[in-house]
Every structure is written in structure tokens, then in C-alpha cells.
Amino acid sequence: LKKIILLNANASDIVPLRKWPLDNFVKVGRKLLEDSTITIILTGSFVEQEACEILSREINPNRVINFAGKTTFRELITLYSISDLLITNDSGPVHFASTTDIPILALFGPETPRIFGPMSPKAKVISMELACSPCISVFNQKKSYCSDNQCMKQISVQLVISEAQKILSKWN
């Protein structure tokens, strides 16, 4: 049985602190592709196309499809509906995906998932819950003095892979 895993590696540039390091997405993608039944699709906006193209090449250009900037909103919702897992930073897609049945693995750091987390019963949030987090909110106009988002950097590749594998075995 083939599986489609979506990676949404880029949170908007409005709050770059929400980004998990791209190299971690590369490592997760490579590890997941050790399973020959998996295909990875990268999602993102038009401005994220180039970054996703680099990500595709670094993971495995033969088994990764870059859909960044190539789908309408309706097509993206359909893609969520037919896919097996979404791994995403805290960004708009985590909420759009919550309107479908796709299992979601959401990576949170500088904002609290208690308020801004996905609403889906099939969502799992990974948050290190460091003492300095959350440091951004609507109350501070999503501005922070933080220049080293350890709340995201400390989310390990192994933890994300482990949770992804649990979700894939549970829902599929």
C-alpha cells in the first residue's frame, strides 16, 4: 500500500522563529523514504517554491514532488484528504489540514499550541515547552527579542520520525 506524506517546511516569513531547521526536514524526509511505499510531497506558497526545490533535491529528487506554489487552495484541501500524514511547522496549513481527516504532526515553539494548535482529533503536537516559550503572541504583535529559536531547534529529528511512525501505524 502506497503512502503520501506531506512536508510543509516553511512557516511564513511573518514569524521566522516558527521555522524548524530545513536540514531537519531533509533528515526526516530521507529517513521516511527508507520505506519504499512512501512518496513525499512538499507544500508551500509560491514564494516558497525555490526553497522547496532545494529541499526536494536534498531529500531525493526521484521520490519527492514539489507542489509549492502549484496548487489552488481547493486542490491543497483535496491533497490533504488523500494523503496519509502532514508534518508541518506552526503555520496556516496546520489549520487548513484540520478541516480534513489527515493525521497531522505539528511542530510548535514560539507560540502556544494550547491556543493556536490544530483542532483535528488526528493531530499530534510536538512542543519542547521551554521556559522561554511562548515568546510571541497576538499581545506582542508576534514580535520577540529571540534570535535563537531553541524551542524549535531542540525538537529532534528522531522524535519527529518516531511520532510520524506511530501515526502511520495507528491511522493507516
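Residues numbered from 1 in each chain as written. Predicted model: local features only at pLDDT ≥ 70, side-chain atom pairs only at ≥ 80, totals over all residues. Heavy atoms only, no water.

How should I be thinking about the packing of aromatic side chains in this particular structure?
How two aromatic rings sit relative to each other is set out by the distance from centre to centre and by the angle between their planes. Evaluation of the coordinates by the stated rule reveals 2 aromatic pairs. Here Trp20 and Phe25 contribute two aromatic rings whose centre-to-centre distance is 5.0 Å and whose plane-to-plane angle is 80°, an arrangement assigned as edge-to-face. Exposure class is identical for Trp20 and Phe25. Each is buried. With a centroid separation of 4.9 Å and an interplanar angle of 90°, the aromatic rings of Phe73 and Phe96 are classed as edge-to-face. Here Phe73, found in helix H3 (residues 73–82), pairs with Phe96, found in helix H4 (residues 92–97); they are 23 residues apart in sequence, far enough to count as distant. Overall, the relative accessible area of 32% leaves Phe96 in the partly exposed class. (Phe/Tyr/Trp six-rings, centres within 6.5 Å; stacked < 30°, edge-to-face > 60°. Buried < 20%, exposed > 50% of the residue type's maximum accessible area, 1.4 Å probe, protein only. Helix = DSSP H or I, 4+ residues; strand = E, 2+ residues; numbered from the N terminus.)

For this particular structure, what's the right way to read the pairing of strand S4 (residues 85–89)?
Looking down a regular strand, the side chains alternate between one sheet face and the other. Among the 5 residues of S4, 5 are classified as buried, and the element is accordingly described as predominantly covered. Alternating positions in S4 separate into two faces, Leu85, Ile87 and Asn89 on one and Leu86 and Thr88 on the other, with burial throughout. In terms of strand pairing, strand S1 (residues 3–8) meets S4 through 4 bridges, oriented parallel. Residue pairing for S4: Asn8 is matched across the bridge by Thr88. As judged from the 4 bridges shared by S4 and strand S5 (residues 104–108), these two strands associate in the parallel manner. Across the sheet, the residue bridging to Ile87 is Leu105, located in S5. A crossover connection joins S4 to the parallel S5 through H4; in handedness this β-α-β unit is right-handed. (Pairing = 2+ DSSP bridges. Right-handed = clockwise from strand over helix to strand, strands pointing away.)

Even after reading the chapter, I still don't get the pattern of salt bridges, so can you show me in this structure?
When their charged atoms lie close together, side chains carrying opposite charge are able to pair. According to the stated counting rule, one finds 3 salt bridges in the structure shown. Between Asp23 and Lys27 there is a salt bridge; the shortest N-O distance is 3.2 Å. One end of the pair, Asp23, and the other, Lys27, are both in helix H1 (residues 22–32), 4 residues apart, so they sit about a helical turn from each other. Lys27 sits in the partly exposed class, given a relative accessible area of 41%. As a salt-bridge pair, Glu34 and Lys31 come within 3.0 Å of each other at their nearest N and O atoms. With relative accessibility at 58%, the residue Glu34 sits in the exposed group. (Salt bridge = Lys/Arg side-chain N within 4 Å of Asp/Glu carboxyl O.)

Note that all results are geometric; they support no functional claim without further evidence.
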